[in-house]
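Examining the three-dimensional arrangement
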Amino acid sequence: MEEPDFSPGQYDEFAEKYNGGLDQKPYNAYYERPAMLELLPELSGKTIMDAGCGNGWYSEHFANSNASVTIVDASEKMLANASDLPPLFVPVSMSHWSHSCVA
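These remarks concern the structure in this document. (Residues numbered from 1 in each chain as written. Predicted model: local features only at pLDDT ≥ 70, side-chain atom pairs only at ≥ 80, totals over all residues. Heavy atoms only, no water.)

**Describing helix α3 (residues 26-39)**
We count it as follows: A run of DSSP states H or I qualifies as a helix once it reaches four residues; a run of E qualifies as a strand once it reaches two. Both are numbered from the N-terminal end. A helix is expected to reach a length of 1.5 Å times the quantity of its residues less one. Two axes enter the definition of the bend at a residue: one is fitted to the seven residues ending there, the other to the seven starting there, and the bend is the angle between them.
Taking 1.5 Å of rise per residue, 14 residues should cover 20 Å, and α3 covers 19 Å from first to last C-alpha, within 8% of that figure. Helix geometry: α3 is bent most strongly at Arg-33, by close to 35°, with proline Pro-34 lying one to four residues after it.

**Structural notes on the pairing of strand β2 (residues 68-73)**
Using the following cut-off: Any two strands with at least two DSSP-identified bridges between them are counted as paired. Note on handedness: a crossover is taken as right-handed if, strands pointing away from the viewer, the path from the first strand over the helix to the second is clockwise.
Across 5 bridges, strand β1 (residues 47-51) lies against β2 in parallel orientation. Residue pairing for β2: Asp-50 is matched across the bridge by Ile-71. The parallel pair β1 and β2 is bridged by helix α4 (residues 57-64), and the resulting crossover is right-handed.

**Focus: the pattern of salt bridges**
Stated formally: Whenever a carboxyl oxygen of Asp or Glu lies within 4 Å of a side-chain nitrogen of Lys or Arg, that contact is scored as a salt bridge.
Within this structure, the stated rule accounts for 1 salt bridge. Between Glu-32 and Arg-33 there is a salt bridge, with the nearest N and O atoms lying 3.9 Å from each other.

**Let's talk about the nonpolar core**
Going by this rule: Grouping buried Ala, Val, Leu, Ile, Met, Phe, Trp, Tyr and Cys residues that are joined through side-chain atoms within 4.5 Å yields what is termed a nonpolar core. For each residue, the accessible area found with a 1.4 Å probe, counting protein chains only, is set against the maximum for its type, and the residue is called buried under 20%, exposed over 50%, and partly exposed in between. Between two residues, a contact is recorded if the distance between any of their heavy atoms is within 4.5 Å.
Judged by nonpolar contacts, Leu-43, Ile-48, Cys-53, Tyr-58, Phe-62, Ala-63, Ala-67, Val-69, Ile-71, Leu-79 and Ala-82 together constitute the single largest core of 11 residues. Elements that contribute at least two residues to this core include exactly α4, β2 and α5 (76-83). Broken down by element, the residue count for this core peaks at 3 residues, all from α4. Sequence-distant contacts of Tyr-58, that is, excluding residues within four places in its chain, are made with Glu-32, Arg-33, Met-36, Leu-37 and Asp-50.

**Thoughts on the packing of aromatic side chains**
Using the following cut-off: Whether two aromatic rings pair depends on their centres lying within 6.5 Å, for rings of Phe, Tyr and Trp, where Trp uses its six-membered ring; planes under 30 degrees apart make the pair stacked, over 60 edge-to-face, and the rest tilted.
Counted according to the given criterion, the structure contains 3 aromatic pairs. Ring plane angle 35° and centroid distance 6.4 Å describe the contact between Tyr-27 and Tyr-31, whose orientation is recorded as tilted. In this pair, Tyr-27 and Tyr-31 are both assigned in helix α3, 4 residues apart and thus about one turn of the helix distant. With relative accessibility at 56%, the residue Tyr-31 sits in the exposed group. Ring centres of Trp-57 and Tyr-58 lie 5.0 Å apart, and the angle between their planes is 85°; on these two criteria the pair is classed as edge-to-face. Owing to a relative accessible area of 26%, Trp-57 belongs among the partly exposed residues under this scheme. Chaining the aromatic ring pairs together yields one cluster made of Trp-57, Tyr-58 and Phe-62.

In structure tokens, the structure reads:
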């Protein structure tokens, strides 16, 4: 079976739609996010790398919990959307990493 072709550009294509509507989806608002947040330990003083940060929803939560957050995404547009949030993050573009760094 042939593996699907992955391209960061695929995520760039729907970044604005993702950014605009994800927070209002009932599944995210009432199930996925509350369940994930319940699993997290105390974040204050922690250093976190949010790999695949998307629109930065979790990144913002981490930063508001007094964690130091580095955001990483393969999509430049997703990274830009997350970087539009308050200046709480250190954005890192995946284009600056080689594939050997991302296993």
